[in-house]
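Single-letter residue listing:
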Amino acid sequence: MTTTIPDETTSVGTATVPRPEYPRPDRDRSERWLSLNGAWGFEADGAPERITVPFAWETAASGVGRTWLEQATYRRRIEVPASWSGARVVLCFGAVHHHAVVEVNGIRVGEHRGGYEYFEFDITDALRASADRRTDEASSAGDEIAVAVHAPADKREIPHGKQRSIPRDDYDGVSFTPTSGIWQSVWLEARGSTYAQSVAMRGDSLDGFDVRVVLDGDRPAGAEVQLELEGSEERILLVADPEGVAEGRMPVASPRLWSPEDPHLYRLRVRTGDDLVTVTGGLRRIEARGEELHLNGERLYVRGVLDQGYWPETGLTAPTAEDLLRDVAWAADLGYNLVRKHLKFEEPLWLAEADRAGMLVWAEPACPSRYSPASAAAFEAQLEGMVERDGNHPSIVIWGLYNEEWGLDWDIPGSPARAEAARHAYDRLRALDDSRLIVENSGWSHVKTDLLDWHYYEPDLGEWARAVGALASGEQETFPVRLGPDFVVDKSLYGSDDTPRTGIPLINSEYGEGFTSLERIWHLRWETQELRRHDRYAGYVYTEFADVEHEAAGLLTTDRRLKDGAGLVPRDVNAETVIVIDLVPRAAGADIVPPDAETTVDVHISHHGTDAVRGTVVGAWLAAYAPLPAEAPHAGAESAEVQAVPFRLSDAVSIAVPTHPAPGRFGLWFVDGAGTVRARAYLDAAEVESANRRGARPGEFPGHAQPGWTRG
């Protein structure tokens, strides 16, 4: 049986090519490239069919839609442009899960293991000569590419993130449809006879770029490399060593630093003979100073959201570039300054957009789910490719490694071998990149880390407030973690007695509760304010950005529609300045009982700006669940003046809550001396049965902390 091999010649921008954009704007060779996305021949179980690249074979978008297929071969013919005569031709793969063996015209050009990393092969010598293509009838259809892929159903000892496995992995309840085969773009590039295979561009000195160029091609040893900073007269000349590596420093006159407020980028033109690539980077420095985070020397508080990067019809691959880039704008609109891209190397296109938009990124590789020396080695094998592909992005300020002891059998404290695997991964990544913060095992059980991060899901808001305060003060080190429906264990922040208890930034990097969208938005509001109450914390990461399959924990639906928030604006919760209320609420939609007499509530201001701000808190009743107006009402209750000092919770001020026996929403606005609203919050008043199921006293309005009420 003969496999049908598509012979369409693709071109950039044609409507028939899915994901037609150039995939690497951060490493730009877009003047001479050819997309290979689109129809490929596809053979599995001896049955020829067609598949649409770059969508995983499990997805509807691929046209195949098969789950648990383990072996398949892709084929297509290409026509290398005549204008590329004399160039080196490189075949590029964004990602293929899991083991790919690549042939060109029956000649094996290389193989790659690892489902998330970029890889490439110089296929020049395997291509038919242009003269042959003109005269040989057998060659008239061009050159043939074949990609044989093995994607094991049993993924437990290979890095697979949240893809399901057969047999099941240890976290199957939070795993999703697998992603197999070619799932990121495939393309050809024309490069010079000697070319820059990779360029590292680090700007953490803040006054120039340290550059390392690795050459490949005909004569890399001793080749000259010219660096030119676009928009300036800065030029330097480097000479490669016998290994084909050229290193040097590109100074920047009048440096302009990259930050969320001013995401300025520099473009560096790297020329080697007839080869040219333009690389993008930024001048920025991220560091921990004791328990504080600093960006370019300025205090930083992380307001992050966890994003798993899934789409309903296309899996881990965004359906279009527009969809992919819109996610960055969504995160900013929700009030976040950081995205934790969870267990996935997101496309360079998304990272380039984060660079342009000033969105901070916590990036991390996929984990295996069971420990063995082989699985630990496979996990670490991803790190060099991760740093090589993504290390130039100034938006990436944190590298994650293991997540919640996945791939370490949930047993760092009880296993010297597993603890050493976490330490070794940290040391390996630190050797590859010394310009970012590293978390060796996100969630708990830390043995060697730059951040003490913790994951905590707690439905009782009274208990949440108590635990958040106790963890901040250091009086509590453990917290309960549900590892199964009926299996709850206490996990500690610390996986070793040698792990420092102080002097490292403390950050909650997963939290969130509730089943309905209204419950989740309620928990977001009250849980986030308790994190803002304690000045020791360096930030938070909410779970999560968008729903994924059965996991309906997102602020957005799977197709990126904002869920019903009953009038809540998420960016108010995640703002630079927020109101913190001394109250443990009763239930979603019923924070308090409608007051039948005037009472008071104490509030604080948490402010993370650069300068102190003075103002008052204004309060007024609105209709039940009404959206808060942007401007504070002219008539209403008003507090005494409060001064908000950066990164210090203000003293409490009291504000009167007038009688309002009917359901309603009591709005709160923090207004500075110039009349500008700097923060908004509210209390919902309604009767509710069994209010004490959340730890509150039914019918009681706690204006101040009282016995039985928790405050930080």
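Structure report, in brief. Residue positions are given per chain, counting from 1 as you read along its sequence in written order. Whole-chain, interface and lining totals are the exception, using all residues; otherwise, since this is a predicted model, local features are given only for residues with pLDDT of at least 70 and side-chain atom pairs are given and counted only at 80 or more. Side-chain measures here rest on the full set of heavy atoms in the structure, leaving out hydrogens and waters.

1. Quick word on the overall build of the protein
Argument step 1. Counting from the N terminus, the helices are the DSSP runs of H or I reaching at least four residues and the strands are the DSSP runs of E reaching at least two. When helices and strands are tallied, the protein shows 8 helices and 41 strands.
Argument step 2. Relative to a compact globule of 712 residues, whose C-alpha radius of gyration would be 27 Å, the protein shows 28 Å and is just as compact.
Argument step 3. Reported as C-alpha extents along the three principal axes, the dimensions of the protein are approximately 95 × 60 × 50 Å.
Argument step 4. Working definition: with a 1.4 Å probe on protein chains only, accessible area under 20% of the residue-type maximum means buried, over 50% means exposed, and in between means partly exposed. A burial count over the protein gives 61% of its 712 residues as buried.
Argument step 5. Throughout, a residue-residue contact means that at least one pair of heavy atoms, one from each residue, lies within 4.5 Å. Residue pairs at least 24 apart in sequence account for 69% of intrachain contacts in the protein once pairs closer than 6 positions are excluded.
Argument step 6. When charges are tallied, Lys and Arg are placed among the positive residues and Asp and Glu among the negative ones, while His and the ends of the chain are skipped. In plain terms, the charge of a residue is placed at NZ if it is Lys, CZ if Arg, CG if Asp and CD if Glu. Between the averaged position of the 72 positive side-chain charges in the protein and that of its 114 negative side-chain charges there is a distance of 1 Å. Two things to know: the radius of gyration comes from C-alpha atoms, and the globule rule equals 2.2 Å times the number of residues to the power 0.38.

2. Some remarks on the pattern of salt bridges
Argument step 1. Each reported salt bridge corresponds to a side-chain nitrogen of Lys or Arg within 4 Å of a carboxyl oxygen of Asp or Glu. What the rule picks out here adds up to 62 salt bridges.
Argument step 2. Among the ionic pairs, E388 bridges to R27, the shortest N-O distance being 3.1 Å. With E388 in helix α4 (residues 373-390) and R27 in strand β1 (residues 27-28), this residue pair connects regions lying 361 residues apart in the sequence.
Argument step 3. Of the residues examined, E388 reaches a relative accessible area of 26% and is grouped as partly exposed.
Argument step 4. Since its relative accessible area comes to 9%, R27 is described here as buried.

3. A closer look at the packing of α4 against helix α5 (residues 416-432)
Argument step 1. Close contact between α4 and α5 brings their axes to 10 Å; oriented N to C, the two are set at 20°. Classified by the angle their axes make, α4 and α5 are roughly parallel. Crossing angle aside, the handedness with which α4 passes α5 is right-handed. In contact with A376, F379, E380, L383, E384, M386 and V387 of α4, α5 contributes A421, H424, A425, R428, L429 and L432.
Argument step 2. In terms of residue class, the contact of α4 with α5 is made up of 9 nonpolar, 1 polar and 3 charged. In this description, a line fitted to the C-alpha atoms serves as the axis of each element, helices being fitted only across the stretch in contact, and the angle between N-to-C directions of two axes falls anywhere from 0 to 180 degrees. Angular relationships are summarised with four words: roughly parallel below 35 degrees, roughly antiparallel beyond 145, roughly perpendicular across 65 to 115, and oblique for the angles in between. Less than a right angle of anticlockwise turn of the near helix away from the far helix marks a crossing as left-handed, whereas a clockwise turn marks it as right-handed. Note on residue classes: Ala, Val, Leu, Ile, Met, Phe, Trp, Tyr, Cys and Pro are nonpolar, Asp, Glu, Lys and Arg are charged, and everything else, Gly too, is polar.

4. A look at the pairing of strand β16 (residues 224-229)
Argument step 1. DSSP-based pairing: two strands are paired if at least 2 bridges between them are found. Relative to strand β17 (residues 235-239), β16 runs antiparallel, the two sharing 5 bridges. Each bridged residue has a counterpart across the sheet, and for Q226 the counterpart in β17 is L237.
Argument step 2. From the end of β16 to the start of β17, which pair antiparallel, there are 5 residues, and G231 there has a positive phi angle of about 80°.
Argument step 3. Summarising the sheet, β16 and strand β19 (residues 266-272) pair through 4 bridges and their orientation is antiparallel. Of the residues in β19, the one forming a bridge with Q226 is R271.

5. Overview of the packing of aromatic side chains
Argument step 1. Only rings of Phe, Tyr and Trp enter the pairing, Trp through its six-membered ring, and a pair is recorded when the two centres are within 6.5 Å. The plane angle decides the type: under 30 degrees is stacked, over 60 is edge-to-face, the rest tilted. According to the stated counting rule, one finds 25 aromatic pairs in the structure shown.
Argument step 2. Each ring, one from Y118 and one from W187, has its centre 5.9 Å from the other, and the planes form 35°; the classification is tilted. Here W187 lies in strand β13 (residues 186-191) and Y118 lies in the loop between β9 (107-113) and β10 (119-122), a separation of 69 residues in the sequence. Taken individually, Y118 and W187 each receive the classification buried, so the pair is uniform in this respect.
Argument step 3. Look at Y171 and W406: their rings are 3.6 Å apart centre to centre, the planes differ by 10°, and that puts the pair in the stacked class. With Y171 in the loop between β11 (143-150) and β12 (181-182) and W406 in the loop between β27 (396-403) and α5, this residue pair connects regions lying 235 residues apart in the sequence. Summarising the burial analysis for this pair, Y171 and W406 share the class buried.
Argument step 4. Counting every residue linked through ring pairs, the aromatic cluster contains Y301, W444, W454, Y456, W464, F479, Y511, Y537, Y540 and Y542.
Argument step 5. By definition here, charges over rings are those cases where NZ of Lys or CZ of Arg is within 6 Å of the ring centre and within 35 degrees of the ring normal. Above the plane of the ring of W362 lies R340, whose end atom (NZ or CZ) is 5.0 Å from the centre.
Argument step 6. Above the face of the Y301 ring, R532 is positioned so that its terminal group lies 5.4 Å from the ring centre.

6. Description of the packing of helix α6 (residues 461-473) against helix α7 (residues 517-533)
Argument step 1. Axis separation between α6 and α7 bottoms out at 9 Å; the angle between their running directions is 20°. It follows that α6 is roughly parallel to α7 by the angle criterion. Handedness of the α6/α7 crossing: right-handed. Residues L461, W464, A465 and V468 of α6 pack against W522, H523, W526, E527, E530 and L531 of α7.
Argument step 2. Split into classes, the residues belonging to the contact of α6 with α7 amount to 7 nonpolar, 1 polar and 2 charged.

7. Quick word on the side chain of E364
Argument step 1. Positionally, E364 belongs in the loop between β26 (360-363) and α4.
Argument step 2. Side-chain atoms alone can form a polar contact between residues adjacent in sequence; in general such a contact is a pair of N or O atoms within 3.5 Å, and within protein one must be able to donate a hydrogen while the other accepts it. At 2.6 Å, the side chain of E364 forms a polar contact with the side chain of H342.
Argument step 3. Residue contacts for E364: discarding those within four places in its chain leaves R340, K341, H342, L343, K344, F345 and G400.

8. Let's talk about unusual backbone geometry
Argument step 1. Cis geometry is found at the peptide bond from I166 to P167, where omega equals -5°.
Argument step 2. Among the structural elements, P167 can be located in the loop between β11 and β12.
Argument step 3. Cis peptide bonds are those with omega within 30 degrees of zero, and the linkage from T543 to E544 qualifies with 10°.
Argument step 4. In this fold, E544 is placed in the loop between β33 (537-543) and α8 (570-573).
Argument step 5. Although it is not a glycine, N296 adopts a positive phi angle of roughly 55°.

9. A word on the environment of Y266
Argument step 1. Secondary-structure assignment places Y266 in strand β19.
Argument step 2. Sequence spacing of Y266 and L229 is 37 residues, and the spatial spacing of their C-alpha atoms is 7.2 Å.
Argument step 3. Ignoring any residue separated from it by four or fewer positions in sequence, one finds Y266 in contact with M201, F209, L229, V252, S254, P255, R256, V279, T280, G281 and L283.
Argument step 4. A distance of 2.9 Å separates a polar atom in the side chain of Y266 from the backbone nitrogen of R256.

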